Amino acid sequence: MLVSVTANYITLYETGAIGNSVDTMHLVVGSIVLGLYLLGKLQNRTAMNQFVQNPMFSRFLPVIDPRMELYLLIGSVIYFVFCLLYPTMVDNGLFNWFTGSITSIYETPVIGWIFSIIAFFFLITTLMRAANVLGRLMNGQSILNGPGIGGTFTSYQETGTHFEQQESYEDEDGFTDYEDVTEDEDDKKEE
């Protein structure tokens, strides 16, 4: 829905009519901004997926598959490009109503200014995310995991919940080394 309404807005209000084709600049900039927005949502959902491993939070949050979400992100951007190349795909009453409602909100004097300020900060956040993605790609890191993501939350009855960074090393036989971070009962009695 978001992709279709965004494509409808670009074709209706940037080109003037639904039959006109979108120029290359709108196509490229729109695709990049939409992709970065969806990538930010994916990074947030991946970070929230860490909580699902804790039994206390697993009831409230659905389990997501980051690989499937990445495929959906790529598919959404491809669909967006097709909608801009063939604007009749998004020319229906529902999308035109959403687009008209969004435009009327932006044209309202005080509320429109507030939304313009929010849009400015959204643009700054998107530019910062773009710089982060470019930096991570240049360093050969994954764009799905942000800094500090990659551990699990562990719950203990006596000590509460804490975050453990997962680090594992495999030797040539395929065995994984790990470190036991639980305390012995003797150590607790001495304290």
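The shown structure was predicted, so the numbers you read here are calculated from the model rather than taken from an experiment.

J.: Lay out the packing of helix α1 (residues 2-14) against helix α5 (residues 93-107) with the relevant residues and their values.
T.: Between α1 and α5, the shortest axis-to-axis distance is 9 Å and the interhelical angle comes to 70°. The angle between α1 and α5 falls in the class roughly perpendicular. Facing S4, V5, N8, Y9, L12 and Y13 of α1, the residues of α5 in contact are F95, N96, F98, T99, G100, I102 and T103. Grouping the constituent residues of the contact of α1 with α5 by class yields seven nonpolar, six polar and no charged.

J.: Summarise the pattern of salt bridges; cite the residues concerned and give the values.
T.: Charged atoms that come close allow side chains of opposite charge to pair. On inspection of all chains with the given rule, the structure shows one salt bridge. Among the ionic pairs, R45 bridges to E69, the shortest N-O distance being 3.5 Å. Here the residue R45 occupies a position in helix α2 (residues 24-48), and E69 occupies one in helix α4 (residues 66-85), the gap between them amounting to 24 residues. Under the relative-accessibility criterion, R45 is labelled partly exposed at 37%. What makes E69 buried here is its relative accessible area of 18%.

J.: Mind laying out the packing of α2 against helix α6 (residues 109-138), listing which residues take part and the relevant values?
T.: At a closest axis distance of 10 Å, the pairing of α2 and α6 adopts a crossing angle of 75°. Judged by the inter-axis angle, α2 sits roughly perpendicular to α6. Touching L36, Y37, L39, G40 and Q43 of α2 are F122, T126, R129, A130 and V133, all from α6.

J.: Break down the layout of surface pockets for me, with residues and values.
T.: Approximately 1000 Å³ is the volume attributed to the largest pocket. Residue assignment for the lining of the largest pocket shows that the elements contributing at least two residues are α1, α2, α5 and α6. For the lining of the largest pocket, the residue count by class is 17 nonpolar, five polar and one charged.

J.: Requested: an account of the packing of aromatic side chains, with residues and values cited.
T.: Aromatic ring pairs: the centre-centre distance and the angle between the two ring planes describe each pair. Counted under the stated rule, the structure contains five aromatic pairs. Look at F82 and Y86: their rings are 6.4 Å apart centre to centre, the planes differ by 15°, and that puts the pair in the stacked class. The exposure class assigned to Y86 is partly exposed, which follows from its relative accessible area of 49%. Taking the centre distance of 5.0 Å and the plane angle of 65° together, the rings of W97 and F98 count as edge-to-face. Here F98 falls in the partly exposed class, since its relative accessible area comes to 29%.

J.: So, the environment of R129: which residues are in play, and what are the values?
T.: If you trace the backbone, R129 turns up in helix α6. Among the residues examined, R129 registers a relative accessible area of 19% and is labelled buried. For the pair R129 and Y37, spaced 92 residues apart in sequence, the C-alpha separation works out to 8.6 Å. When near neighbours in sequence (up to four residues on either side) are disregarded, R129 contacts L36, Y37, G40 and Q43.

J.: Hey, could you go over the nonpolar core for me, with residue numbers and the actual values?
T.: With 19 residues, the main nonpolar core has A7, I10, L34, L39, L73, F80 and L84 as its most contacted residues. The element that contributes the greatest number of residues to this core is α2, accounting for six residues.

J.: Explain a nonpolar patch on the surface to me, and be specific about the residues and the numbers.
T.: Together, M68, Y71, L72, I74, I78, Y79, F82, L85, Y86 and M89 give the surface a local cluster of nonpolar side chains, amounting to about 1000 Å² of exposed area. Mapped onto the secondary structure, M89 falls in the loop between α4 and α5. Residue classification places M89 among the partly exposed residues on the basis of a relative accessible area of 38%.

J.: Let's hear about the side chain of R129: which residues, and what values?
T.: Of the buried charged residues, R129 lacks a salt bridge, with E69 as the closest side chain of opposite charge at 14 Å. A distance of 3.5 Å separates a polar atom in the side chain of R129 from the backbone oxygen of L36.

J.: So what's going on with the environment of M48? Which residues, and what values?
T.: Mapped onto the elements of the fold, M48 is located in helix α2. For M48, a relative accessible area of 39% corresponds to the partly exposed category. Along the primary structure M48 and V63 are separated by 15 residues, whereas in three dimensions their C-alpha atoms are 9.2 Å apart.

Rules used in this analysis
- Residues take numbers from 1 onward in each chain, read along the sequence in its written order.
- Whole-chain, interface and lining totals are the exception, using all residues; otherwise, since this is a predicted model, local features are given only for residues with pLDDT of at least 70 and side-chain atom pairs are given and counted only at 80 or more.
- Hydrogen atoms and water are omitted, and side-chain values are computed over all heavy atoms in the structure.
- Angles run from 0 to 180 degrees between N-to-C directions of axes, and those axes are lines fitted to C-alpha atoms, restricted for helices to the stretch in contact.
- For helices the rule is a DSSP run of H or I covering at least 4 residues; for strands it is a run of E covering at least 2, with both sets numbered from the N terminus onward.
- The cut-offs work like this: below 35 degrees is roughly parallel, past 145 is roughly antiparallel, 65 to 115 is roughly perpendicular, and the gaps in between are oblique.
- In this analysis, two residues are considered to be in contact whenever any of their non-hydrogen atoms come within 4.5 Å of each other.
- When residues are grouped by polarity, Ala, Val, Leu, Ile, Met, Phe, Trp, Tyr, Cys and Pro land in nonpolar, Asp, Glu, Lys and Arg in charged, and all others, Gly among them, in polar.
- When a carboxyl oxygen of Asp or Glu lies within 4 Å of a side-chain nitrogen of Lys or Arg, that pair is called a salt bridge.
- Relative accessibility thresholds used throughout: buried, under 20% of the residue-type maximum; exposed, over 50%; partly exposed, between the two (1.4 Å probe, protein chains only).
- The rule is simple: put a 1 Å grid over the protein atoms alone, call a set of points where a 1.4 Å probe fits but cannot get out a cavity, call an open set with protein on both sides within 12 Å along at least five of seven lines a pocket, and count a residue as lining if it has an atom within 4 Å of a point.
- Grid points are joined across faces, edges and corners, and a volume is the space filled by probe spheres set on the points.
- In summary, the pairing rule links any two rings of Phe, Tyr or Trp, Trp by its six-membered ring, whose centres are within 6.5 Å, and it sorts them by plane angle into stacked for under 30 degrees, edge-to-face for over 60 and tilted for everything else.
- To form a nonpolar core, buried Ala, Val, Leu, Ile, Met, Phe, Trp, Tyr and Cys residues must be joined to one another through side-chain atoms within 4.5 Å.
- Every patch collects residues that have over 30% relative accessible area and no salt bridge, joining them within 9 Å if they carry like charges and within 5 Å if they are nonpolar side chains (Val, Leu, Ile, Met, Phe, Trp, Tyr).
- Note that accessible areas follow from Shrake-Rupley with a 1.4 Å probe, and for residues the cover is restricted to the protein chains shown.
- For this count, His and the chain ends are skipped, Lys and Arg are scored as positive, and Asp and Glu as negative.
- Whenever a nitrogen or oxygen atom comes within 3.5 Å of another N or O atom, the pair is scored as a polar contact, on the condition that within protein one atom can donate a hydrogen and the other can accept it, and that pairs from neighbouring residues in sequence are kept only if both atoms are in side chains.

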